[in-house]
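Listed below are the residues making up each chain.
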Amino acid sequence: VIEGTGPRYCPSIEDKVVKFSDKNKHQVFIEPEGIHTNEWYVGGMSSSLPEDVQVRMYQSVEGLENCKIVRNAYAIEYDCIDATQLFPTLEFKKVRGLFSAGQFNGSSGYEEAAAQGIIAGINATAYIKKEKPLTLDRSEAYIGVLIDDLVTKETFEPYRMMTSRAEYRLLLRQDNADLRLRKFGFQYGLVSKEEYDYVLYKEQKIQIEVDRLKNIMVGAGKETQDFLISCNSSTLKTAASLSELICRPELTYELLSPLDPDRNIIEEDILEQVNINIKYEGYIKRQLKQVEQFKKMENKKIPDTIDYNEINSLRKEARQKLILYRPVSIGQASRISGVSPADLSVLLIYIESIKKGN
């Protein structure tokens, strides 16, 4: 009787039996619910089977012959909207002031729902206060990737946020989340001034220390060579900066402290960023250049009053998709399936002609 499309990444045990009928076993994880309880969670056994069948199934496992089910597994089916009805702010295009979040938008997972919830909540408040809404783009946060995918692409199954969906994942790391996003939290009243001031201090200290390490040269003397050998690192032929040494896979900022006697003690989270910024500087710079190109496309806004039927040179499929999705920028339009680079060129020329009053 189940008709809905189930989640791809956490299917039920009965779904697994059908999809993986060639397998003769299935791994299950029995996980304690907490320190002060004798309840255990059965990981990997999501199910919609009747209660008596679940009991017999669990008690058939060696060691669980006398187990009792405290809360049965259950299945849900839910409908969702077509999220292409939404602006990137999660406001409905046709119902101003109404914001939508969570599984209702076609996503699956707690983090995905929470991510949309905070953006929808911020923007609902901003709408009431007549403030500028918050839109995080694909280069700023996984939240930006998630929402952009939902409101731009057709979704045929519950959406999960995977790191592989993000083009700029080298920049979207958990270690730099505060540096990327705390300014927005402060701007919308969710972060205290003290917290935000620390992030500004942290940014400054990271840059100062990175610059210092680039300017500190280490000679090829015996003491240095012996140290490098002890770290299983190749010796120096000429002097090198500390930042050049940190770039070596086997060396780190912390490890090189004996070669840096003038080093000041800095906070651990700043130390971590200094090490990462130096070690991966080349890769990070390359990705920042890609982001720069991406931003140019995102900053080319499409007037919300544009009539795509008036643009004669657009292909029929592109016109239909643009009318359906109503992208807010050239960048968003470029991510719509069926809109080609040639269509984007036509659209750009048309927008420029509007600006010039032609």
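Scroll up to find the structure.
Residues numbered from 1 in each chain as written. Predicted model: local features only at pLDDT ≥ 70, side-chain atom pairs only at ≥ 80, totals over all residues. Heavy atoms only, no water.

### Describing the overall build of the protein chain
- The number of helices and strands found in the protein chain is 13 helices and 4 strands.
- For the protein chain, whose C-alpha radius of gyration is 27 Å, the value lies well above the compact-globule estimate of 21 Å for 358 residues.
- In terms of its C-alpha atoms, the protein chain occupies a principal-axis envelope of roughly 80 × 75 × 45 Å.
- In the protein chain, which comprises 358 residues, the share counted as buried stands at 38%.
- Relative to all contacts within the protein chain whose residues are 6 or more apart in sequence, the contacts with residues 24 or more apart total 57%.
- Of the accessible surface of the protein chain, which amounts to about 22400 Å², a share of 54% is contributed by carbon and sulfur atoms.
- One finds the centroid of the 48 positive side-chain charges in the protein chain at a distance of 6 Å from the centroid of its 53 negative side-chain charges. (Helix = DSSP H or I, 4+ residues; strand = E, 2+ residues; numbered from the N terminus. Rg over C-alpha atoms; globule rule 2.2 N^0.38 Å. Buried < 20%, exposed > 50% of the residue type's maximum accessible area, 1.4 Å probe, protein only. Contact = heavy atoms within 4.5 Å. Areas by Shrake-Rupley, 256 points an atom, 1.4 Å probe, with all protein chains shown as cover. Lys, Arg positive; Asp, Glu negative; His and termini not counted. Charge placed at Lys NZ, Arg CZ, Asp CG, Glu CD.)

### Concerning the environment of G185
- One can find G185 in helix 5 (residues 177-187).
- The spatial distance from the C-alpha of G185 to the C-alpha of Y196 is 8.5 Å, given a sequence separation of 11 residues.
- Each residue touching G185, except ones within four places of it in the same chain, is listed here: L190 and V191.

### Thoughts on the packing of aromatic side chains
- Counting across every chain of the model gives 4 aromatic pairs.
- Their ring planes at 55° and their centres at 5.5 Å tell us that Y168 and F294 sit as a pair that is tilted. In this pair, Y168 is assigned in the loop between helix 4 (142-152) and helix 5 and F294 in helix 10 (residues 281-298), connecting sequence segments 126 residues apart.
- On the basis of relative accessible area, F294 is assigned to the buried category, the value being 8%.
- Relative to Y196, the ring of F186 lies with its centre 4.6 Å away and its plane at 10°, an arrangement referred to as stacked. Of this pair, F186 sits in helix 5 while Y196 sits in helix 6 (residues 193-215); the two residues are 10 residues apart in sequence, bridging distant segments of the chain.
- Against the face of Y253 rests R263, its NZ or CZ located 3.8 Å from the ring centre. (Phe/Tyr/Trp six-rings, centres within 6.5 Å; stacked < 30°, edge-to-face > 60°. Lys NZ or Arg CZ within 6 Å of the ring centre and 35° of its normal.)

### Observations concerning unusual backbone geometry
- One non-glycine residue, K130, lies in positive phi territory at about 60°.
- By the secondary structure assignment, K130 is in the loop between helix 3 (110-129) and helix 4.
- According to the relative accessible area criterion, K130 is exposed, its value standing at 77%.
- A positive phi angle, close to 60°, is found at N232, a residue other than glycine.
- Tracing the sequence through the fold places N232 in the loop between helix 7 (222-230) and strand 4 (240-241).

### Some points on the nonpolar core
- In terms of nonpolar packing, the biggest core is built from 25 residues, with L86, L90, I119, L134, L136 and L146 touching the most fellow members.
- Of all elements in the fold, only helix 3 and helix 4 reach the threshold of two or more residues within this core.
- Once you skip the residues sitting within four places of it in the chain, L90 turns out to touch L98, F99, S100, N105, Q116, I119, A120, I147 and V151.
- With 23 residues, the next largest nonpolar core counts V199, L236, I246 and V274 among its residues. (Core = buried A, V, L, I, M, F, W, Y, C linked by side-chain atoms within 4.5 Å.)

### Considering the packing of helix 6 against helix 9 (residues 268-279)
- Between helix 6 and helix 9, the shortest axis-to-axis distance is 9 Å and the interhelical angle comes to 50°. One element, helix 6, and the other, helix 9, form an angle in the oblique class. Note that helix 6 runs across helix 9; the crossing there is right-handed. Residue-level contacts link Y198, Y201, K202, K205, I206, E209, V210 and L213 of helix 6 to D269, I270, Q273, V274, N277 and I278 of helix 9.
- Per-class residue counts for the contact of helix 6 with helix 9 are 8 nonpolar, 2 polar and 4 charged. (Axes fitted to C-alpha atoms, helices over the stretch in contact; angles between N-to-C directions. Parallel < 35°, antiparallel > 145°, perpendicular 65-115°, else oblique. Left-handed = near helix turned anticlockwise from the far one by under 90°. Nonpolar A, V, L, I, M, F, W, Y, C, P; charged D, E, K, R; others polar.)

### Here's the deal with the packing of helix 3 against helix 4
- Helix 4 packs onto helix 3 with a crossing angle of 90° between their chain directions and a minimal axis gap of 10 Å. Comparing the axis directions of helix 3 and helix 4 gives the class roughly perpendicular. Of helix 4, the residues touching helix 3 (which contributes E112, A115, Q116, I118 and I119) are I143, L146, I147 and L150.
- Taken together, the residues that form the contact of helix 3 with helix 4 break down as 7 nonpolar, 1 polar and 1 charged.

### Notes on the environment of K295
- For K295, the position within the fold is in helix 10.
- Sequence-distant contacts of K295, that is, excluding residues within four places in its chain, are made with D137, S139 and E140.

### Examining the side chain of R180
- Relative to the helices and strands, R180 is located in helix 5.
- Within the buried core, R180 has no salt-bridge partner, and the shortest N-O distance to an opposite charge, that of D178, equals 7.5 Å.
- Polar side-chain contacts of R180 include one of 2.9 Å to the side chain of N176.
- Not counting residues within four places of it along the chain, the set of residues in contact with R180 comprises E140, A141, L171, L172 and R173. (Salt bridge = Lys/Arg side-chain N within 4 Å of Asp/Glu carboxyl O. Polar contact = N/O pair within 3.5 Å; in protein donor to acceptor, adjacent residues only side chain to side chain.)

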